[in-house]
Amino acid sequence: MTPSRRPMPAAQGTPGGPAAPGLTEVFRRMEGTLQQPCRTCWSGGWARFRRNRTGMAGAFIVAALYLMAVFAPALTPYDPVSHGSLPEMRHRAPGGDHPLGTDKFGRDVFARVLYGSRISLTISFLSVTISVIVGALAGAAAGYAGGWVDAVIMRFVDALMAIPRLFLLLTCVALFSSSIPLVIILLGATSWMATARLVRGQILSLRRQDFVVAAESLGAGGRRIIFRHLIPNTLTVMIISATLRIGGIILTEASLSFLGLGVPQPVPSWGRMVFEGREALLGAWWVSTFPGLAIIITVIGYNLLGDGLKESFDPVNFG
Amino acid sequence: MEKLLEIRGLTTEFVTSEGAAKAVDGVGFDIGAGETVGLVGESGCGKSVTALSIMRLVQYPPGRITAGSVTMDGRDLMKLPEKQMRRVRGNDISIIFQEPLTSLNPVFTCGEQIRETIALHQKMGRRESRLKAIEMLRLVRIPDPEKRYDNYPHQMSGGMRQRVMMAMALSCQPRLLIADEPSTALDVSVQAQIIELLLDLKERMGMSVLLITHDLAVVAQMADRVVVMYAGVVVEQAPIDSLFSDPMHPYTEGLMASIPKLGEHLERLPVIPGNVPDPLRLPAGCRFSDRCPKRIPRCLVEEPPLFSPAEGRLSRCWLRGGIAK
């Protein structure tokens, strides 16, 4: 058969079949095959991210929160911990010297919310870091080694996932007296399983990629393959999932503190403040409302940031 | 010629739900020092698996090397502990793959990947290995190597990336380079450049090359000796000149007939009808019998051994069955 000698087939395609692609479409497809799907197009990703409104809004909120946490002493003259000396300072309504009012001990709510952000941000950031590191190592080991190593690690993950998290946390906090490091470790240790699953899946697909076999053919050993070739290629996905997870961790910490088992007194923590303000909710609504709002804004900020990162960097979204 | 590598009875199986498929079934040949051996055959006849088996890079599961030996310097590579085998890879034997587009890690610069390989095998500091890596880039004729060192793989063309792969593979001066279809994924003009570069580097570095390809033109250009594989076994082995003048296996004849020739006008290019058989459903007798135009009744019942019909030649065909090897 010599197709070139024949008249060009009509562009409508076969009856009932899909229409033949136009020239632009053909070029677009060719482009797709020529440009290798690169997993971490950092430069392109940042350009996309800057145009991504939700992502930028999230980044702005999160950045503002961190700045407020760092510069808290400059933003308020009040001490978040020491009690006010005068009884008339109790439950002052918002306005005047106390923009968000005072609590039952006469402490400035604005100052407490500001200083409380230090606790919430630190705890959530550190525990997510722990969970990402543990999860990445477990997932990478399972995905790379395969066989019984994979089976043991993943069944362990399944078992941990089956334990109700809040009860485990409550038990641990009840057994050991509560402290900030303990809360960080507990939150990290109970949230790494999802990362492990995610990373394992990524590694399984990367594992037989040509560049990994090529690295093996040049004499690279298992540890080198995992840390130089596999994990760096999963970083984007890991950062995205960590950002999205931070919101949940802040909420868990808040619920723990709300139950009175999170961060010990008198450290200002948002969850604790909501808890303490609930008795006076009808009379002095501002005591619980503002820390509650702070929790909501932070979680929204992180989620927007995570969504933006996902839309800009995750190959699934633009591949 | 001094032998560099001696492959004997190499057998690699892949476990499938229907049983163990022997992708490579008792392959044996030698590679001399400084020699270029072409390994030819259609897709799916076991060429690449042979290469991966020599390097012991067959993924387990599902693949497993079940028998055979690959001897280098009096050591059987198949029995070497994994740690020592790792030292062989890259140092003594290197491999370059068909797909230069996906053979480089996308998150590191090309130069850094070469530098790492050098640092891995030779005790060298960061600056020294960087200079060596730039030297390697220059050796594979990448223009402006100092600048290109900091390029990411996606900033390079396919031909350029294949050169980077070659620089990586050659950075420790291996004695054997396995080139698995090094030019197949590239366009024709770049193919020629890569083959020419490969020839030049081979001469300069004095290494042996195992060239895996389905392109007989490339083989004619580069190889000293040719091993033809079909359905997991060696069917013919010959020095390059006598292979082209007098092929001794109907499969080789078929491969040659299907190369278009300049100045020849044919209605249709001759092809070998059918496909390489599924290793789980090999025909009885000779593996090529179902596609062979010269089939005799014996071919359908009995598998021919490797005959040696002439000096330095081997053929797995009853029609050439002079003296069994």
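Owing to the predicted nature of the structure, the values given are computational and were not obtained by experimental measurement.

Colleague: Please clarify how the overall build of chain B should be interpreted in this entry.
Modeller: Helix and strand counts for chain B stand at 10 helices and 11 strands. Across its three principal axes, chain B shows a C-alpha extent of roughly 65 × 50 × 40 Å. The buried share of chain B, reckoned over its 325 residues, is 46%. If you take every contact in chain B between residues at least 6 apart in sequence, the share linking residues at least 24 apart comes to 62%.

Colleague: Sorry, what's going on with the overall build of chain A here?
Modeller: When helices and strands are counted, chain A shows 14 helices and 0 strands. Secondary structure elements in chain A, listed N-terminal to C-terminal, are α-α-α-α-α-α-α-α-α-α-α-α-α-α. Taking all 319 residues of chain A together, 40% fall into the buried category. Here the contacts in chain A between residues at least 6 apart in sequence split such that 71% fall between residues at least 24 apart.

Colleague: Looking at this structure, I do not really get the nonpolar core. What am I missing?
Modeller: Nonpolar side chains tend to gather and get buried jointly when the protein is soluble and globular. Formed by 154 residues in total, the largest nonpolar core has its most connected members in Leu210 and Leu211 of chain B. With 16 residues, helix H5 (residues 109-145) of chain A is the largest single contributor of residues to this core. Counting residues domain by domain, this core receives three or more from each of domain 1 (3-92 + 174-281) and domain 2 (104-173) of chain B.

Colleague: Before we go on, may I ask you to explain the interface of chain A and chain B in this structure?
Modeller: The figure often quoted for interface size is the accessible area lost as the parts come together. Taken together, the contact between chain A and chain B spans 19 residues of the former and 26 residues of the latter. Listed by contribution, the elements that provide at least two residues to the side of chain A that touches chain B are helix H10 (210-217) and helix H11 (222-258) of chain A. Top element by residues in the side of chain A that touches chain B is H10 of chain A. It accounts for 6 residues. Taken together, the residues of the side of chain A that touches chain B sort by class into 7 nonpolar, 8 polar and 4 charged.

Colleague: I would appreciate a short explanation of the sheet that holds strand E7 (residues 176-180) of chain B in the present structure.
Modeller: Across a sheet, strands are paired by hydrogen bonds formed along the backbone, either parallel or antiparallel in direction. Residue and element names in this part refer to chain B. Pairing is mixed in the open sheet, where 7 strands are placed in the order E6-E7-E8-E3-E9-E10-E11. On the outer flanks of this sheet lie strand E6 (93-96) and strand E11 (314-315), each paired with one strand and no other. Note that E6 and E7 share 4 bridges and pair parallel. Its bridge partner lying in E7, Ile95 is registered against Ile178.

Colleague: Please explain the packing of helix H3 (residues 53-70) of chain A against helix H13 (residues 286-313) of chain A as it appears in this structure.
Modeller: Helix packing for two helices is described by the angle between their axes and how far apart those axes are. Residue and element names in this part refer to chain A. The contact between H3 and H13 brings their axes to 7 Å, and the two run at 135°. Regarding the angle of H3 to H13, the classification is oblique. In this structure, H3 crosses over H13, and the sense of that crossing is left-handed. Only Ile297, Thr298, Gly301, Tyr302, Asn303, Leu304, Leu305, Asp307, Gly308, Leu309, Glu311 and Ser312 of H13 make contact with H3, whose side of the interface consists of Thr54, Gly55, Met56, Ala57, Gly58, Ala59, Ile61, Val62 and Leu65. Grouping the constituent residues of the contact of H3 with H13 by class yields 11 nonpolar, 8 polar and 2 charged.

Colleague: Mind showing me how you'd approach H10 of chain A here?
Modeller: Because the α-helix completes a turn every 3.6 residues, residues three or four places apart line up on one side. With 7 of 8 residues buried, H10 of chain A is to be regarded as a mostly interior element. Within the sequence span of H10 of chain A, burial applies to Phe211, Val212, Val213, Ala214, Ala215, Glu216 and Ser217 of chain A. Residues of H10 of chain A that are buried make contact with helix H9 (193-207) and H11 of chain A together with E6 and helix H6 (158-170) of chain B. Following H10 of chain A by one or two positions, Gly219 of chain A adopts a phi angle in the positive range, close to 90°.

Colleague: Help me out: how do you make sense of the environment of Val212 of chain A in this one?
Modeller: Counting through the fold element by element, Val212 of chain A comes out in helix H10. Through-space distance from the C-alpha of Val212 of chain A to that of Leu168 of chain A is 40 Å; in sequence the pair is 44 residues apart.

Colleague: When you look at the domain arrangement of chain B in this model, what are you seeing that I'm missing?
Modeller: Residues and elements named next belong to chain B. Assigned domains of chain B: these are domain 1 (3-92 + 174-281) and domain 2 (104-173). Taken together, the contact pairs 13 residues of domain 1 with 11 residues of domain 2. Examining the composition of the side of domain 1 that touches domain 2, we find that 6 residues originate from one element, helix H7 (residues 188-205), more than from any other. Across the side of domain 1 that touches domain 2, the residue classes tally to 10 nonpolar, 3 polar and no charged.

Colleague: Just to check I follow, could you spell out the pairing of strand E8 (residues 208-213) of chain B for this structure?
Modeller: One face of the sheet, then the other: side chains in a regular strand alternate in exactly this way. Residue and element names in this part refer to chain B. For E8, the tally of buried residues reaches 6 of 6 residues, placing the bulk of the element in the interior. On E8, burial covers both faces: Ser208, Leu210 and Ile212 on one face and Val209, Leu211 and Thr213 on the other are all buried. Here 5 bridges tie strand E3 (residues 36-40) to E8, and the two strands are oriented parallel to one another. The residue of E8 that forms the bridge with Thr36 is Val209. As paired elements, E7 and E8 share 5 bridges and run parallel to each other.

Colleague: What is the right way to look at the confidence of the model for chain A in this model?
Modeller: Predicted coordinates in areas of low pLDDT are best not read in detail. Residue and element names in this part refer to chain A. On average, residues of chain A score 79 in pLDDT, and 82% of them reach the 70 mark or higher. Confidence, read as mean pLDDT per element, is least for helix H1 (residues 23-34) in chain A (49) and greatest for helix H6 (residues 147-162) (92). Confidence drops under pLDDT 50 across residues 1-19; counting only partners more than four residues distant or on other chains, this segment forms 6 contacts.

Colleague: Help me out: how do you make sense of the sheet that holds strand E4 (residues 63-72) of chain B in this one?
Modeller: Residue and element names in this part refer to chain B. If you walk across this open sheet you meet the 4 strands as E2-E1-E4-E5, and the pairing is antiparallel. Edge positions in the open sheet fall to strand E2 (19-32) and strand E5 (75-76), since each of these has one partner strand only. Pairing of strand E1 (residues 3-16) with E2, which is carried by 11 bridges, proceeds in the antiparallel orientation. Opposite Thr16, over in E2, you have Gly19 as the bridge partner.

Colleague: Would you mind going over unusual backbone geometry with me for this structure?
Modeller: With the exception of glycine, the majority of residues adopt a negative phi angle, and the majority of peptide bonds are in the trans configuration. All names here are of chain B. One non-glycine residue with positive phi stands out, namely Asp73, at about 50°. Looking at where Asp73 falls in the secondary structure, it is placed in the loop between E4 and E5. At Arg141, a residue that is not glycine, the phi angle is positive and equals roughly 60°. Mapped onto the elements of the fold, Arg141 is located in the loop between helix H4 (126-139) and helix H5 (145-148).

Colleague: Explain the confidence of the model for chain B to me, please; I cannot follow it from the model alone.
Modeller: For chain B, mean pLDDT is 86; residues scoring 70 or higher make up 99% of the total. With pTM at 0.72, the complex prediction returns an ipTM value of 0.78.

Colleague: Looking at this model, I keep getting lost on the environment of Val188 of chain B. Mind explaining?
Modeller: Among the secondary structure elements, Val188 of chain B is positioned in helix H7. Separated by 77 residues in the primary sequence, Val188 of chain B and His265 of chain B place their C-alpha atoms 22 Å from one another.

Conventions used here
Residues numbered from 1 in each chain as written. Chains lettered and ligands numbered in written order. Predicted model: local features only at pLDDT ≥ 70, side-chain atom pairs only at ≥ 80, totals over all residues. Helix = DSSP H or I, 4+ residues; strand = E, 2+ residues; numbered from the N terminus. Buried ≥ 20, exposed ≤ 12 C-beta atoms within 10 Å, placed from the backbone. Contact = placed C-beta atoms within 7 Å. Core = buried A, V, L, I, M, F, W, Y, C linked by C-beta atoms within 7 Å. Domains from an automatic or database assignment. Nonpolar A, V, L, I, M, F, W, Y, C, P; charged D, E, K, R; others polar. Pairing = 2+ DSSP bridges. Axes fitted to C-alpha atoms, helices over the stretch in contact; angles between N-to-C directions. Parallel < 35°, antiparallel > 145°, perpendicular 65-115°, else oblique. Left-handed = near helix turned anticlockwise from the far one by under 90°. pLDDT = per-residue confidence, 0-100.

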